[in-house]
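# Examining the three-dimensional arrangement
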Amino acid sequence: YGLMAYFGTVLLKDHFALSNMLFWRFAIATLWMIGCTIVLRKRMTKKVSRSVLLQTIVVAGVVYSLASALYFLAMTYIGTGLATAIFFSFPVFVALFSCIFNRTELNQYTILALVCICLGVALVKGHQTSSVGMNGTLIAIAGAFFYAIYIYRSRHISTLIDPHFLTLLVCSGTM
């Protein structure tokens, strides 16, 4: 992930279109995953219907591509460090989704971890308060939100589909 942010920023600074950069990123990843699935020769699914596979491609592709686009767009506004710190605060949203939709209670350790995540983002932001644009911050938070949706929705499907094949579906759907 660290190199992805670096190379993505370099391409964006060279006036590479965000959609074009993301297309090629996921096209290369799709080809890589096709090669991996062929070499590994693993069973791809565990009796999953075509509708579930189609839903996975569409939902994961749309949600993951939106999260990726927002992440890279946020970098153009607030820089890679802060955008990455905010984006990777997605566990806060995953925990909230779990509380809301699964009626999961957060224990003291989870709450402490979530507070540490938020504190870490605040520390990364630090003294940049005046120079950090609100638009970039909101875009990064939106990226984290959509990535959390992807993570939350992928929990169930990952029990039905081999992780390599799921990655292939996500990459092809995002492409």
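### Looking at the nonpolar core
One finds F72, Y147, Y150 and I161 to be the most contacted residues of the largest nonpolar core, which totals 41 residues. Contributing elements (two or more residues each) for this core: α2 (18–40), α3 (50–78), α4 (80–87), α5 (90–102), α7 (134–157) and α8 (163–174). Take this core: its biggest share by element is eleven residues, from α3. Beyond its immediate chain neighbours, meaning those up to four positions away, Y150 contacts A60, V63, Y64 and V170.

### Considerations on α4
Taken together, the buried positions of α4 are occupied by L82, A83, I86 and F87. What you see down the axis of α4 is that its buried residues fit within an arc of 130°, all on one side.

### Section: unusual backbone geometry
With a phi close to 60°, R103 is a non-glycine residue in the positive phi region. Its location among the elements puts R103 in the loop between α5 and α6 (108–125).

### Remarks on the packing of α2 against α3
Two numbers describe a pair of packed helices, the interaxial angle and the distance between the axes. Where α2 meets α3, the axes come as close as 11 Å, and the angle between the chain directions of the two elements is 125°. Considered as vectors, α2 and α3 are oriented oblique to each other. In this structure, α2 meets α3 at a crossing whose hand is right-handed. Together, L18, M21, L22, R25 and F26 of α2 and Y64, S68, A69, F72 and L73 of α3 make up the contact between the two elements. In terms of residue class, the contact of α2 with α3 is built from eight nonpolar, one polar and one charged.

### Things to note about the environment of F23
Secondary-structure assignment places F23 in helix α2. Considering only alpha carbons, one finds F23 and S172, 149 residues apart in sequence, at a separation of 9.6 Å.

### Some words on the packing of aromatic side chains
Tallying each qualifying case throughout the model produces 17 aromatic pairs. Note on F97 and F101: the rings are 6.2 Å apart at their centroids and 45° apart in plane angle, and the pair reads as tilted. Taken together, the positions of F97 and F101, both in helix α5 and four residues apart, correspond to about one turn of that helix. Judged by its relative accessible area of 56%, F101 is exposed. Consider the rings of Y147 and Y150, whose centres lie 5.8 Å apart with planes at 40°: the pair is tilted. Of this pair, Y147 and Y150 both sit in helix α7, three residues apart, which is roughly one turn of the helix. Neither residue differs from the other here; Y147 and Y150 are each classed as buried. Every member of this aromatic cluster is reached through a ring pair, and the members are F26, Y64, Y71, F72, F87, F88, F90, Y147 and Y150.

Rules used in this analysis
- Residues numbered from 1 in each chain as written.
- Predicted model: local features only at pLDDT ≥ 70, side-chain atom pairs only at ≥ 80, totals over all residues.
- Heavy atoms only, no water.
- Core = buried A, V, L, I, M, F, W, Y, C linked by side-chain atoms within 4.5 Å.
- Buried < 20%, exposed > 50% of the residue type's maximum accessible area, 1.4 Å probe, protein only.
- Helix = DSSP H or I, 4+ residues; strand = E, 2+ residues; numbered from the N terminus.
- Contact = heavy atoms within 4.5 Å.
- Arc of directions from axis to C-beta.
- Axes fitted to C-alpha atoms, helices over the stretch in contact; angles between N-to-C directions.
- Parallel < 35°, antiparallel > 145°, perpendicular 65-115°, else oblique.
- Left-handed = near helix turned anticlockwise from the far one by under 90°.
- Nonpolar A, V, L, I, M, F, W, Y, C, P; charged D, E, K, R; others polar.
- Phe/Tyr/Trp six-rings, centres within 6.5 Å; stacked < 30°, edge-to-face > 60°.

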